[in-house]
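Given next are the chains, with one letter for each unit.
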Amino acid sequence: MIPTALRTAARTSGRQSAAAFHTTASLAADVSVEHGRGEWKTYGDITTYKPGHFQIKTYNKISPHGLARFPKENYEVKEGENAANAHAILLRSHKLQEDEVNLTVRAIARCGAGTNNVPVARMTELGIPVFNTPGANANAVKELVLAGMLLGSRRIVDGINHMYSLGEQGLARERVEKDKAMFGGRELKGKTLAVIGLGHIGAATARDAEALGMTVTGYDPGLSIENALKLPRSIALKDSINSCVGDADYISLNIPYIKGEGGTHGIIGNDVISGFKNGAVLLNFARGELVDSEAMKTHLDNNDGKYISDFPDDLLWNNANSVILPHLGASTAEAEDAAASMAADTIREFLESGTIRNSVNFPATSLPNRPENSIRLAVVTLNKPGMLAHISEAFANNDLNILQQINQSRGDVAYNVVDVDTSGHNVVDFKTVQEKITMLDGVLSSRVIYGVPGTGYAKNVGGDYFV
Ligand SMILES: NC(=O)c1ccc[n+]([C@@H]2O[C@H](COP(=O)([O-])OP(=O)(O)OC[C@H]3O[C@@H](n4cnc5c(N)ncnc54)[C@H](O)[C@@H]3O)[C@@H](O)[C@H]2O)c1
Ligand SMILES: O=C(O)[C@H](O)COP(=O)(O)O
């Protein structure tokens, strides 16, 4: 729903002045594109916006190392609601609400792996690509999974708590040797680890577990070639979760949380848990919702076994056989820097050249550099027949020749990047062409990737032209 102020802006924008931008080549035409919200003054709250800059809205604490990738000449970074005219959103685990996604937002990047905190399906309907940072924090999580295996084998937490209590009573020296018999454990070497999900984290965990002398089994119906090449040679690949966990002393869950039919909600339920070996340790550094807490509690209360996780759980947080940490998997300086840097680079590439890399809802798309004397238009459409023909026709009707173009689709959405020749034109009225293309039935948005940062974006919002 367009807010009233912005609806007015959308209707009147055609009457407002546009800026002319010059291409670098000497023979280039003047190109007139729509200038954000006309004279800027209708562009939301002007006091929070620097015309000529891309505005990045952040949620959560994003590593300054990553944010430094946005050059100050062209970008301003603002936290949450201070960014009233955001062109892109950068976040970690913040549960993003639709009303936090301004009409001006062209893209969203999750500094991390899981995008279940972003309403991805809705963003696809709105024509907004959502990106993540595959592998950027995988080493940090893998190291915590390894630590989790040790926590599950050596009663380290119980031992620490016991020493604390003895210390308080002044009994530490007297009791320390006698009491150690209470905290016996077992070794990882020679035990079996089952890895569910052999992606960036799972594959690295499998490899390191083998190096610790463990036998490793794995299950991943969507194993990529890239991750398959990282697996230890000795891994036994299984064809179901149940067959993977049956012989395991440790089970590491490393899959995404996906809601709805065919998703992964409660995928570790009673049918899987009842197949656990006595004493098995379940490591959940993926998402809390993957595990059926009731079933896990019943299991822990009636069998040997442990649950180690970095996700909150109302039923398991104080269970004697569980160790629950804060959501710390990716909280290392290295992972935070890497994820924020990758996210910032991805957003920059998208805003500055239209390239799509590491999106979870849009097709990977990359075009060679824009030729001289050309303008680039990126158009998001529904994935239906005839869209490309209509876009091409709009250019032809305005005597604009297409130099290169790419059209990629994914699910319900298609993404087109078109470079059109401006040579031989004195003035190219791009406002008119862009409005025609944007208001075609099935077009969601368009963006002139040219000229002043932050300009040239238009949306077809249920028949309203928002520019
Ligand atoms: N605790 C943390 O701080 C933390 C940090 C990073 C990631 N994570 C979580 O870990 C998950 C995995 O991260 P990653 O970087 O390895 O992601 P990834 O995309 O590289 O790997 C996920 C793998 O899971 C597989 N998979 C999907 N559904 C499956 C299923 N039902 N059964 C078996 N395999 C399945 C996929 O094919 C893929 O290979 C993320 O989605 C996120 O939820 C948690
Ligand atoms: O999916 C992820 O990448 C992790 O859960 C990390 O989340 P965080 O960035 O909030 O630590």
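The preceding data block contains the structure.
Residues numbered from 1 in each chain as written. Chains lettered and ligands numbered in written order. Predicted model: local features only at pLDDT ≥ 70, side-chain atom pairs only at ≥ 80, totals over all residues. Heavy atoms only, no water.

Caption draft 1: Looking closely at the site of ligand 2. Taken together, Arg92, Ser93, Arg110, Cys111, Gly112, Ala113, Gly114, Asn137, Arg287, His327 and Ala330 make up the full set of residues adjacent to ligand 2. Note that an oxygen atom of ligand 2 is positioned 2.4 Å from one of the side-chain N or O atoms of serine 93. Contact between ligand 2 and asparagine 137: an oxygen atom at 2.9 Å from a side-chain N or O atom of the residue. Its free accessible area being 320 Å², ligand 2 has 90% of it covered by the protein chains. The residue inventory of the shell around ligand 2, partitioned by class, reads three nonpolar, five polar and three charged. (Near = heavy atom within 4 Å. Polar contact = N/O pair within 3.5 Å; in protein donor to acceptor, adjacent residues only side chain to side chain. Areas by Shrake-Rupley, 256 points an atom, 1.4 Å probe, with all protein chains shown as cover. Nonpolar A, V, L, I, M, F, W, Y, C, P; charged D, E, K, R; others polar.)

Caption draft 2: Spatial organisation of the packing of helix α4 (residues 138-154) against helix α7 (residues 200-211). Packing of α4 against α7 leaves a shortest axis separation of 9 Å and a crossing angle of 50 degrees. By the criterion of interaxial angle, the relationship of α4 to α7 is oblique. Pair α4 / α7 crosses with right-handed handedness. For the pair α4 and α7, the contacting residues are Ala138, Val141, Lys142, Val145 and Leu146 in the first and His200, Ile201, Ala204, Thr205, Arg207 and Asp208 in the second. Of the residues in the contact of α4 with α7, the class split is six nonpolar, two polar and three charged. (Axes fitted to C-alpha atoms, helices over the stretch in contact; angles between N-to-C directions. Helix = DSSP H or I, 4+ residues; strand = E, 2+ residues; numbered from the N terminus. Parallel < 35°, antiparallel > 145°, perpendicular 65-115°, else oblique. Left-handed = near helix turned anticlockwise from the far one by under 90°. Contact = heavy atoms within 4.5 Å.)

Caption draft 3: Quick look at the packing of aromatic side chains. Inspection of every chain in the model, using the stated rule, returns six aromatic pairs. A centroid spacing of 5.2 Å and a plane angle of 35 degrees characterise the contact between phenylalanine 54 and tyrosine 75, whose relative ring orientation is tilted. With a gap of 21 residues between them, phenylalanine 54 in strand β3 (residues 54-58) and tyrosine 75 in strand β4 (residues 75-79) connect regions that are remote in the sequence. Summarising the aromatic geometry, the rings of phenylalanine 395 and phenylalanine 430 are spaced 6.4 Å apart at their centres and angled 45 degrees between planes, so their arrangement reads as tilted. Highlighted residues: phenylalanine 395 in helix α13 (residues 387-397) and phenylalanine 430 in helix α14 (residues 430-438), separated in sequence by 35 residues. Here phenylalanine 395 and phenylalanine 430 have matching classes, each one buried. Of the aromatic side chains, those joined through ring pairs into one cluster are Phe131, Phe350, Phe362 and Tyr415. The lysine or arginine in question, arginine 447, covers the ring of phenylalanine 350, its NZ or CZ lying 4.3 Å from the ring centre. (Phe/Tyr/Trp six-rings, centres within 6.5 Å; stacked < 30°, edge-to-face > 60°. Buried < 20%, exposed > 50% of the residue type's maximum accessible area, 1.4 Å probe, protein only. Lys NZ or Arg CZ within 6 Å of the ring centre and 35° of its normal.)

Caption draft 4: Layout of the environment of alanine 228. Its location among the elements puts alanine 228 in helix α8 (residues 225-228). Since its relative accessible area comes to 33%, alanine 228 is described here as partly exposed. For alanine 228 and phenylalanine 350, which are 122 residues apart along the polypeptide, the C-alpha to C-alpha distance reads 29 Å.

Caption draft 5: Unusual backbone geometry, seen in detail. Of note in the backbone geometry, asparagine 60 takes a positive phi value of approximately 70 degrees without being a glycine. With respect to the element layout, asparagine 60 can be found in the loop between β3 and α2 (64-67). Backbone geometry at arginine 155 places phi at a positive 50 degrees, although glycine is not the residue there. Residue position: arginine 155 is located in the loop between α4 and α5 (156-169).

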